[in-house]
Each structure stands twice: as C-alpha cells, then as structure tokens.
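Residue strings, one per chain:
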Amino acid sequence: MFAGFSEGHSPVDAGSAATIEPEKSDNYEIGYRKQTNNSFFEVIAFYNDYSQLIETCLIANGCTGTTGDTTNKGSAEVEGIEFQYRLNNMFAAPQMKGMAANSSVRYPLMITGMLQSSEYTGGETSFSGNSIAYVPNFQLYTSVGMETNNWSIALGAKYQDDTFTDDLNTFRTGKAFIFDLHAGMNVAVNSNGIKDARLFFNVDNLFDKVIVASEHEYGKRPNKPLSVMAGVKFDF
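Description of the structure in this document. Please read these numbers as outputs of a predicted model, since none were measured by experiment.

## Brief notes about the overall build of the chain
At step 1: Of regular secondary structure, the chain possesses 0 helices and 12 strands.
At step 2: Going from N to C terminus, the chain has its helices and strands arranged as β-β-β-β-β-β-β-β-β-β-β-β.
At step 3: The C-alpha radius of gyration of the chain comes to 23 Å, more than 25% above the 18 Å expected for a compact globule of 236 residues.
At step 4: Its C-alpha atoms put the chain at 70 × 40 × 35 Å along the principal axes.

## Some details on the sheet that holds strand S4 (residues 70-87)
At step 1: Taken in spatial order, the 10 strands of this open sheet run S1-S2-S3-S4-S5-S6-S7-S8-S9-S12, and their pairing is antiparallel. The open sheet terminates on both sides in strands that have one partner only, identified here as strand S1 (2-10) and strand S12 (227-235). Between one strand axis and the next, the sheet turns through 15° on average, direction left out of account.
At step 2: The pairing of S4 with strand S5 (residues 109-120) spans 12 bridges and is classified as antiparallel. Bridged to Phe83 within S5 is Gly113.

## Observations regarding the packing of aromatic side chains
At step 1: All chains considered together, the criterion is met by 8 aromatic pairs.
At step 2: Ring geometry for Tyr28 versus Tyr47: centroids 6.1 Å apart, planes at 25°, classification stacked. Of the two residues, Tyr28 is situated in strand S2 (residues 23-35) and Tyr47 in strand S3 (residues 39-56); the sequence distance between them amounts to 19 residues.
At step 3: Consider the rings of Tyr159 and Phe177, whose centres lie 5.0 Å apart with planes at 55°: the pair is tilted. With Tyr159 in strand S7 (residues 151-160) and Phe177 in strand S8 (residues 176-191), the pair connects residues that are 18 residues apart, well separated along the chain.
At step 4: Given the relative accessible area of 16%, Tyr159 is considered buried.
At step 5: Linked through ring pairs, Phe5, Tyr28 and Tyr47 together constitute an aromatic cluster.
At step 6: One Lys or Arg, Arg33, reaches over the ring of Phe2 and ends 4.3 Å from the middle of that ring.
At step 7: One residue, Lys233, lies across the ring of Phe200, its end atom 5.4 Å from the ring centre.

## Quick look at the environment of Lys224
At step 1: Tracing the backbone through its elements, the reader meets Lys224 in the loop between strand S11 (219-222) and S12.
At step 2: The sequence separation of Lys224 and Lys24 amounts to 200 residues, and the corresponding C-alpha distance is 33 Å.
At step 3: Among residues more than four places away in sequence, those in contact with Lys224 are Asp204 and Asn205.
At step 4: Within polar-contact distance, the side chain of Lys224 engages the side chain of Asp204 at 2.9 Å.

## Overview of the pattern of salt bridges
At step 1: Overall, the coordinates contain 6 salt bridges when judged by the stated rule.
At step 2: Put simply, Glu55 and Lys73 hold a salt bridge, and the shortest N to O gap is 3.2 Å. Residue Glu55 is located in strand S3, and its partner Lys73 is located in strand S4; the two are separated by 18 residues in the primary sequence.
At step 3: Taking the relative accessible area as the measure of exposure, Glu55 reaches 31% and is therefore partly exposed.

## What to know about unusual backbone geometry
At step 1: One non-glycine residue, Tyr134, lies in the positive phi region at around 60°.
At step 2: Among the secondary structure elements, Tyr134 is positioned in the loop between S5 and strand S6 (138-147).
At step 3: At Asn169, a residue that is not glycine, the phi angle is positive and equals roughly 60°.
At step 4: Among the secondary structure elements, Asn169 is positioned in the loop between S7 and S8.
At step 5: You can call Asn169 buried: its relative accessible area is 17%.

## What about the pairing of S2?
Moving residue by residue along a regular strand, the side chains alternate between the two faces of the sheet.
At step 1: Note: S1 against S2, 9 bridges, orientation antiparallel. What sits directly across from Ser6, in S2, is Asn27.

## Regarding the environment of Leu53
At step 1: On the secondary structure map, Leu53 appears in strand S3.
At step 2: Since its relative accessible area comes to 11%, Leu53 is described here as buried.
At step 3: Spatially, the C-alpha atoms of Leu53 and Ala76 are 7.2 Å apart, while their sequence positions differ by 23 residues.
At step 4: Beyond its immediate chain neighbours, meaning those up to four positions away, Leu53 contacts Glu23, Thr71, Asn72, Lys73, Gly74, Ala76, Tyr120 and Ile132.

Conventions adopted
- Residues numbered from 1 in each chain as written.
- Predicted model: local features only at pLDDT ≥ 70, side-chain atom pairs only at ≥ 80, totals over all residues.
- Heavy atoms only, no water.
- Helix = DSSP H or I, 4+ residues; strand = E, 2+ residues; numbered from the N terminus.
- Rg over C-alpha atoms; globule rule 2.2 N^0.38 Å.
- Pairing = 2+ DSSP bridges.
- Axes fitted to C-alpha atoms, helices over the stretch in contact; angles between N-to-C directions.
- Phe/Tyr/Trp six-rings, centres within 6.5 Å; stacked < 30°, edge-to-face > 60°.
- Buried < 20%, exposed > 50% of the residue type's maximum accessible area, 1.4 Å probe, protein only.
- Lys NZ or Arg CZ within 6 Å of the ring centre and 35° of its normal.
- Contact = heavy atoms within 4.5 Å.
- Polar contact = N/O pair within 3.5 Å; in protein donor to acceptor, adjacent residues only side chain to side chain.
- Salt bridge = Lys/Arg side-chain N within 4 Å of Asp/Glu carboxyl O.

Scope: geometric values only; no functional claims are made or implied.
Right, here's the structure in full:
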C-alpha cells in the first residue's frame, strides 16, 4: 500500500495580464502494488483538485481569440482509478534441464487502463458543471506478444474513448480500438566501436481506422493514419 500528496503549479505565460492567476492544484493518491517473479499489478485511486485552471489560446486547439493569450478557467476536479497488470510469460513453466536461456520463448501480456471523471466546479458560469475538454472517461491499452532474448513481436490495442473537445461540451471526438504492431531483433556487431544493434519495425494504426480525433470551430480533424517505421538502433 502507498499514498501520496503533491501540489501542482503552472505559471502564466510571459506578457499575460496581471489579473491572470497561475494554475494551482492539490493532488492526492492512494494505491496498492504487488510484484512477483512473473507478474506486476498496480491500482491507484487519485483526486486532483484545481483551485485554478489556465488555458493558452492556440489555433491548434480551436481558439478564435488572440494566439498566445492566457485565460483562467476557474476551479475544477478530476478523480478516478488507474490500473496496470503485466505478465512476463502467460505460459510460464519450469525450464527444462540443459535448455539454453535464450532459446525459450516467452509470451508477455500487458493491460493498463483508467476510469476517470472531470468537472468544472467554479469560475466561468457558462460551463460550470461541464467536463474538462480532452479528458476521456475511459482509456484502455492491452498488448500480447512473443519474445526471446534476441527478438520480439507484439500486437497492441488502444481503446480511445470519445471525449468533449470544448468547454461548452458541444463537440466530441470519436471512439475506437486502434491496433499497433511492434517487432525487433538484436544483431551482434562488435565492430568499429559498435557493440550491438537492434532492427525494429513498427506499424501504427495497423488497420487504418479513421475517427474524429479533434473537433472545434475550425472543423473536424482525423486521427493518425496507418504509419510504418523501420530502422536500426546502435549500442556504442
């Protein structure tokens, strides 16, 4: 078991009006954590109490005011539970006598998620009681894979819940499972100062799922499309 408390502070941007207050928050958490040779589990309950939220006007977030201006949003609260579970090998078994350590195949599993709620509690009466923009109520990520000491491959799925994109709660994003694929292989080099290298191959949004990732006065914007990245990393 563990518990924690922290205070957050975010200063206002340079050139902001003297009436603009900095962002302040009191953050509380309590949790439970357990670890074994083959697994890790953690669950945390949190509560963030903002006495003042600030927002900087940017075209990217749909602000129609003066770019760079900072405004106060008033008090707000965010509370929820986040969890994480990792299994090093879903089919762990005693290693056979004489079997090389790097010849055994492992099947890792990871599940992480968050349940939360947010609300403006004071300040601007026009959106008091509304949800904070871009704070989803639910997030989930799970990954299953196969690996040895020399290579690995994993398929991941992230659930993106819909969330409001403005303070008046009139615009929303889409929601969907987005899949990713990640693979890698170690290559022994030991030459010219390079000890090892690792080849990697990553595919984001494997099935090219399209959803609304952002919506505001300037219109709707899609999420990241299918993207492929491959390369090599060197260890000197």
